[in-house]
Amino acid sequence: MPYKTILVHVNDSARFAERVNTAVNIAIADHGHVIGAAMTGVSRYLYQSPSVDTGAPYIAGQLEFTSQRANDVLDDFEEEITKYEPVTFERRLVEDEVADGLILHARYCDLVVMGQSDPDEFALGGIPDLAAYVMLNSGRPVLIIPKKGEFRNVHDKVLVAWDASVASSRALANAMPLLKRAKKVNIAVFNPASQPGAHGDQAGADIALYLARHDIDVTVTSRNTEGNIGEAILSLASDLGSTSLVMGGYGHTRFREILLGGVTRTVLDEMTLPVLMSH
């Protein structure tokens, strides 16, 4: 299924233009629609609370201020997206906290485009590990754009990190539009002997056959490593000249605490190319 509706997180980050560019390129390829969403950072439950008078001067002033900030970045989004080849788009002001607002609106989209967390930059409504939180809770694939670099054609050379897990399977299925357009697809399997029976008689052969039935030509790389698998995946991506990485995201949330798996954490912290993750 193509990415017909693409949600882009819009804030005052210096990198938001790179997200817009990526979303536009995907929308052009799939004849899709781009939604730029900016959250006010004020919980939607505030408006529903009978104990809060949103018409009180101080509260009303704060709500107006947060709405204006969000509208300002939506103006920037509209100015940025019109620089590219025409696509249908809309600007969406969301009166909610950033994480909850993105999660809710993501469920009506095919893909969410977000930025890598940058501890050196404070953006509108930013929270640590925001992309991971949305990935774990939205039920939608999240394409995360690194905090440095330019990325024009994420579908050119795609690396899939495959470990035969549920999350990996979902990521692969969610990445199918990218894989079908890719000029080159590589499947990486690390330490297959640690999962006896999961990969078939030959590591990567079963998933390569599955993709071949979708007319996707793949090359399988099977490697053993005693080091950090996340670092090994990123190193292989660099060696292959990959333009994007597809992988399952592991972890869970408890209230707002995010507990990520070791490989997921490493890739999110050290990524040097766009990463499509699904949980």
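Conventions we followed
- Residues numbered from 1 in each chain as written.
- Predicted model: local features only at pLDDT ≥ 70, side-chain atom pairs only at ≥ 80, totals over all residues.
- Heavy atoms only, no water.
- Core = buried A, V, L, I, M, F, W, Y, C linked by side-chain atoms within 4.5 Å.
- Buried < 20%, exposed > 50% of the residue type's maximum accessible area, 1.4 Å probe, protein only.
- Helix = DSSP H or I, 4+ residues; strand = E, 2+ residues; numbered from the N terminus.
- Contact = heavy atoms within 4.5 Å.
- Axes fitted to C-alpha atoms, helices over the stretch in contact; angles between N-to-C directions.
- Parallel < 35°, antiparallel > 145°, perpendicular 65-115°, else oblique.
- Left-handed = near helix turned anticlockwise from the far one by under 90°.
- Salt bridge = Lys/Arg side-chain N within 4 Å of Asp/Glu carboxyl O.

Undergrad: Sorry if this is basic, but what is going on with the nonpolar core here?
TA: One broad trend across soluble globular proteins is that nonpolar side chains are buried collectively. Among the nonpolar cores identified, the biggest contains 44 residues, and L179 and I187 are the most heavily contacted of them. At six residues, the largest contribution of residues to this core is made by helix α1 (residues 16–30). Sequence-distant contacts of I187, that is, excluding residues within four places in its chain, are made with V160, W162, I207, L211, V218, T219, V220 and T221. In this structure, V98, A131, M135 and L159 belong to the second largest nonpolar core, which totals 41 residues.

Undergrad: Just to check I follow, could you spell out the packing of helix α9 (residues 229–240) against helix α10 (residues 262–270) for this structure?
TA: Relative orientation and spacing of two packed helices are given, respectively, by the angle between their axes and the distance between those axes. Across the interface, α9 lies against α10 with an axial gap of 7 Å and an inter-helix angle of 45°. Between α9 and α10, the angle falls in the class oblique. The two elements α9 and α10 cross, and the hand of that crossing is right-handed. On α10, the residues touching I229, G230, E231, I233 and L234 of α9 are V263, T266, V267 and E270.

Undergrad: Where do I start with unusual backbone geometry in this structure?
TA: Generally, phi is negative for residues other than glycine and the peptide bonds are trans, each holding for most cases. Non-glycine residue H31 carries a positive phi angle of around 50°. Mapped onto the elements, H31 comes out in the loop between α1 and β2 (33–39). Residue classification places H31 among the exposed residues on the basis of a relative accessible area of 66%. Here the phi dihedral of A164 falls at roughly 65°; this positive angle occurs in a residue that is not glycine. Tracing the chain through its elements places A164 in the loop between β6 (157–161) and α6 (166–174). Here A164 falls in the partly exposed class, since its relative accessible area comes to 28%.

Undergrad: Before we go on, may I ask you to explain the pattern of salt bridges in this structure?
TA: Following the criterion strictly, the structure yields 11 salt bridges and no others. Between E90 and R92 there is a salt bridge; the shortest N-O distance is 3.0 Å. Taking the shortest distance from any N to any O, the salt bridge between K183 and D156 comes out at 4.0 Å. Placement of the pair is K183 in the loop between α7 (176–181) and β7 (184–190) and D156 in the loop between β5 (142–145) and β6, with a sequence separation of 27 residues. Taking relative accessible area as the criterion, K183 reaches 68% and is therefore assigned exposed. A cluster of three or more residues bridged by salt bridges with shared partners is formed by E18, E150 and R152.

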